[in-house]
Amino acid sequence: MPDDFVIARNPDGDSTLPYVLRIPLGEHGIVLKSRETWPRTSKVYCHRVEEWPEDAEVLERVPVRSCIRRGAAIDLVLDRGRENRSQLVMTRVRGGRQAIFWQTARTAKQARPAVAVPKARASGVVGLEIVVDSHERYAYGFADQQVVTRKAGLAAGDYGLVRDGSLIASVERKSLVDLVSSLTTGKLKYQLADLAAVPRAAVVVEDRYSEVFKLDRVRPAVVLDGLAECQVRWPQVPIHFCETRKLAAEWTYRFLAAATVAAEEDELGEAVVSDLASPPPLAAAPATPAEVRAWAAVNGYQVSDRGRVRREVVEAFEAARSR
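What you see is a predicted model; the values in this text were computed from it and never measured.

Asker: I tried to follow the overall build of the protein on my own but got confused; where do I start?
Answerer: Secondary structure assignment for the protein yields six helices and 15 strands. Scaling as 2.2 N^0.38, a compact globule of 323 residues should have a C-alpha radius of gyration of about 20 Å, whereas the protein reaches 26 Å, well beyond that. Relative to its full complement of 323 residues, the protein shows a buried share of 43%. Relative to all contacts within the protein whose residues are 6 or more apart in sequence, the contacts with residues 24 or more apart total 57%. Of the accessible surface of the protein, which amounts to about 18,800 Å², a share of 49% is contributed by carbon and sulfur atoms. Positive and negative side-chain charges of the protein, numbering 46 and 43 respectively, have mean locations separated by a distance of 4 Å.

Structure representation (structure tokens):
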């Protein structure tokens, strides 16, 4: 379960960043110092801290619903009604220096961490190399895209990205006839299982979804139910319908270019997070009167429904919780 998110005052009076953040990412959490307690009007610059200050004055402690790193961004969702969703983005500023910015949807309409704004090239990637499976017949030529292709055997899919000998992204190409055949024979499930083992993968179909309803040699409902079952079982492998072979090739190119950028974001995010200090274990949060009253009622203590709870009852509760 996620730990609490903690904001404390930075005891270092010489620092230009007056707050310290305890972020419950991973097993031990990470520590950053910050200019503000929340990114309300603009992105907030954050910086690494060598260790959590022992004499830090805790200003706020909030339960966390989720804290997950996705690529070069950490998505933080707090368990409260307002100011509950934010993102810590790891990027590079001018000169190649690493930087971390804390932002919300209000302060950044769209977060594209560590990525140049795409222009003509997909995701701004120059010289994208796509590996075409050696068994792929009538392969896409990508004549209209800025792509370099080479033939090689792929463990999954027909078009992939290979980095340091590992397949990091893959696309399986299907005509509608091939899709229906592989679905009804059970072959598609094995292909999806192989694709699910790749960090980023998809199936592209060279036809419209509406064409499934016009099938005459197999009941459309069988194919539609089979596709739905596959997506529920392997949600990490989308099945995308394109109208034509040309559009399917374009989609494949864009998907693999985006996967290249995502892999670079993963490397940056992992490098930055692994270099950040971890805070000490967080002590249990102070009990609320409601929690103490509920415990007291179960354990035979007489307490009133309102007002302050007697000190001896609170102490008994704390002693029981610490055991």
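Following the structure, the description resumes.
Asker: Before we go on, may I ask you to explain the environment of Trp52 in this structure?
Answerer: Counting through the fold element by element, Trp52 comes out in the loop between strand S4 (44-48) and strand S5 (57-62). Excluding residues that lie within four positions of it along the chain, Trp52 makes contacts with Val6, Ala8, Val20, Leu21, Arg22, Val31, Pro279 and Pro280.

Asker: Sorry, what's going on with the sheet that holds strand S13 (residues 166-174) here?
Answerer: Remark on secondary structure: sheet strands pair via backbone hydrogen bonds, oriented parallel or antiparallel. Strand order across the open sheet formed by six strands is S11-S10-S12-S13-S14-S15, with mixed pairing between neighbours. One side of each edge strand has no neighbouring strand; the edge strands of this open sheet are strand S11 (147-152) and strand S15 (239-242). Geometrically, the sheet is characterised by an average inter-axis angle of 30° between neighbouring strands, direction not taken into account. In the sheet, strand S12 (residues 159-163) pairs with S13 via five bridges, with the strands oriented antiparallel. In the sheet register, Tyr159 faces S13, and the bridge partner there is Val171. Contacting strand S10 (128-133), S11, S12, S13, strand S14 (200-206) and S15, helix H4 (residues 245-274) crosses the sheet at an angle of about 170° to S14.

Asker: What exactly am I supposed to notice about the sheet that holds strand S6 (residues 64-70) here?
Answerer: A sheet is described by the order of its strands in space; here nine strands give the open sequence S5-S1-S2-S3-S4-S9-S8-S7-S6, paired in antiparallel fashion. The strands lining the two open edges of the sheet, one partner per strand, are S5 and S6. Averaged over all adjacent pairs, the angle separating strand axes in this sheet is 25°, with direction ignored. In this structure, S6 lies alongside strand S7 (residues 73-78), joined through six bridges in antiparallel fashion. Note on S7: the bridge partner recorded for Cys67 is Leu76.

Asker: Got a minute to help me understand the pairing of S14 in this structure?
Answerer: Put simply, side chains in a regular strand alternate between the two faces of the sheet. Extensive coverage of S14 is indicated by the burial of six of its seven residues. Relative to S14, S13 is paired through six bridges, and the arrangement is parallel. From the neighbouring strand, Val171 faces S14, where its bridge partner is Ala202. Pairing geometry for S14 and S15, over four bridges, is parallel. In the strand pairing of S15, Val203 is matched with Ile239. Once the chain exits S14 it traverses helix H3 (residues 220-233) before rejoining the sheet at S15, and the crossover so formed is right-handed.

Asker: How should I be thinking about the side chain of Asn10 in this particular structure?
Answerer: As for its placement among the helices and strands, Asn10 is situated in the loop between strand S1 (5-9) and strand S2 (19-23). From its side chain, Asn10 meets the backbone oxygen of Leu17 in a polar contact 3.0 Å long. Not counting residues within four places of it along the chain, the set of residues in contact with Asn10 comprises Ser15, Leu17, Pro18, Tyr19, Val20 and Lys33.

Conventions used here
Residues numbered from 1 in each chain as written. Predicted model: local features only at pLDDT ≥ 70, side-chain atom pairs only at ≥ 80, totals over all residues. Heavy atoms only, no water. Helix = DSSP H or I, 4+ residues; strand = E, 2+ residues; numbered from the N terminus. Rg over C-alpha atoms; globule rule 2.2 N^0.38 Å. Buried < 20%, exposed > 50% of the residue type's maximum accessible area, 1.4 Å probe, protein only. Contact = heavy atoms within 4.5 Å. Areas by Shrake-Rupley, 256 points an atom, 1.4 Å probe, with all protein chains shown as cover. Lys, Arg positive; Asp, Glu negative; His and termini not counted. Charge placed at Lys NZ, Arg CZ, Asp CG, Glu CD. Pairing = 2+ DSSP bridges. Axes fitted to C-alpha atoms, helices over the stretch in contact; angles between N-to-C directions. Right-handed = clockwise from strand over helix to strand, strands pointing away. Polar contact = N/O pair within 3.5 Å; in protein donor to acceptor, adjacent residues only side chain to side chain.

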